[in-house]
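Spelled out from the first residue to the last, the chains are:
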Amino acid sequence: MPHTEAARIRDLIDTGPRFDEADAVRLNRLFRGTETSEMLETVLKERMVGDIAIVSSFGAESAVLLHLVSRVDANVPVLFLDTGKHFPETLDYRDLLVKQLGLTNLINLVPEAEELAKKDENGLRWSYDPDGCCEIRKVKPLEKALLGYDASFSGRKAFQAATRATLPRFEVDTADAQGRLKVNPLIDWSPERIAAYIAEHDLPAHPLVAQGYPSIGCMPCTSKVAEGEDPRSGRWRGWNKTECGIHVATHSDYTTKNAPEFDPGL
């Protein structure tokens, strides 16, 4: 078979999704019962899911996953959605954690200025269309950034909300038409285990946690949570909305128009 023809066939083979449900099932079985730190070390050192980045909000519990990953490889890309609407405390906390954990590859993702000028000129879209605001400031910038990766780490945990209660460690990202893998290393961690890890490693707390914010997003759409409430009940309070969009299937044209024809990394 001529070399060029073989290359074309390989390209055709590679045009499918990076991962499918069978891959997620296999990985979940492979790491069943494995300690989180051991799983992270194996996944990262053996490049089992290709090029991977952490998507971090630098929120209430972000220090745990960032610390775990930094102990294996401090140069893993950390993607932070700098929406322009964060609490000042969050930006300060981001800078503190980056320095304290020795993270060497922080990537701040910002919304496109042209789209902001066109769709949110006065910066108040959050007040009447929170989904649209998240789409501009979070979903699209992240989709564009993830074109360069095969998988991402998420800090989601089962106890945070009913919508997260049954999530597995490894899943195909349903918000992504390219079939990237999403890895949830802390999905089975309890609040007590999170607190114990933070104390054991003397990790700094987000300053807003002590003020009644167990889940912290953009300032206009985050409120305090009363005792006994769902930890995420302070997010988009009063709206029928529980996620910003980066964890649900609402992808934009970035994933279909700008995606590479095949994945050269797998």
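Residues numbered from 1 in each chain as written. Predicted model: local features only at pLDDT ≥ 70, side-chain atom pairs only at ≥ 80, totals over all residues. Heavy atoms only, no water.

Here we look at the packing of helix α4 (residues 62-70) against helix α5 (residues 88-101)
We apply this condition: Only C-alpha atoms enter the line fits that serve as axes; for helices the fit covers just the stretch in contact. Angles between N-to-C directions range over 0 to 180 degrees. A run of H or I in DSSP becomes a helix once it reaches four residues, and a run of E becomes a strand once it reaches two; helices and strands are each numbered from the N terminus. For classification purposes, an angle smaller than 35 degrees is called roughly parallel, one larger than 145 roughly antiparallel, one from 65 to 115 roughly perpendicular, and anything else oblique. In this scheme, a crossing is called left-handed if the near helix is turned counterclockwise away from the far one by less than a right angle; it is called right-handed if the turn is clockwise. Note on contacts: a residue pair qualifies if any of its non-hydrogen atoms lie within 4.5 Å across the two residues. Note on residue categories: nonpolar means Ala, Val, Leu, Ile, Met, Phe, Trp, Tyr, Cys or Pro, charged means Asp, Glu, Lys or Arg, and polar means any other residue, Gly included.
Interaxial distance between α4 and α5 falls to 11 Å at its minimum, and their mutual angle equals 25 degrees. Considered as vectors, α4 and α5 are oriented roughly parallel to each other. Remark: the crossing between α4 and α5 carries right-handed chirality. Contacts between α4 and α5 involve A63, L66, H67 and S70 from the first element and Y93, L97 and L101 from the second. Taken together, the residues of the contact of α4 with α5 sort by class into 5 nonpolar, 2 polar and no charged.

Describing the pattern of salt bridges
Should the charged atoms of two oppositely charged side chains come close, the side chains can pair. Put simply, the test is: Put simply, a salt bridge is a Lys or Arg side-chain nitrogen that is within 4 Å of an Asp or Glu carboxyl oxygen. The classification of residues rests on relative accessible area computed with a 1.4 Å probe and restricted to protein chains. Under 20% of the type maximum is buried, over 50% is exposed, and intermediate values are partly exposed.
Evaluated as defined, the whole model comprises 14 salt bridges. Among the ionic pairs, E41 bridges to K45, the shortest N-O distance being 2.9 Å. With E41 and K45 both in helix α3 (residues 36-45), this residue pair falls 4 residues apart, about one helical turn. With a shortest N-O distance of 3.4 Å, E112 and K144 are connected by a salt bridge. On the criterion of sequence distance, the pair formed by E112 in the loop between β3 (106-109) and α6 (113-119) and K144 in helix α7 (residues 130-146) is long-range, its members being 32 residues apart. Classification of E112 by relative accessible area gives partly exposed; the value is 33%. Classification of K144 by relative accessible area gives partly exposed; the value is 45%. Among the ionic contacts, a cluster of salt bridges with common partners joins D82, R94 and D95.

As for helix α2 (residues 21-30)
Put simply, the rule is: This arc is taken over the directions from the axis of the helix to the C-beta atoms. In protein, a polar contact means a hydrogen-donor-capable atom and an acceptor-capable atom, both N or O and within 3.5 Å, with residues adjacent in sequence counting only if both atoms are side-chain atoms; elsewhere, any N or O pair within 3.5 Å suffices.
Three or more residues of α2 are buried, namely D23, A24 and L27. In a view along the axis of α2, the buried residues occupy a sector of 100 degrees, so they form one face of it. Residues E21, A22 and R29 are exposed on α2 and point more than 90 degrees away from its buried face. Close packing links the buried residues of α2 with β5 (170-172) and β6 (181-183). At the N-terminal end of α2, a side-chain oxygen is found 3.1 Å from the backbone nitrogen of A22, two or three residues along, and the residue is D20.

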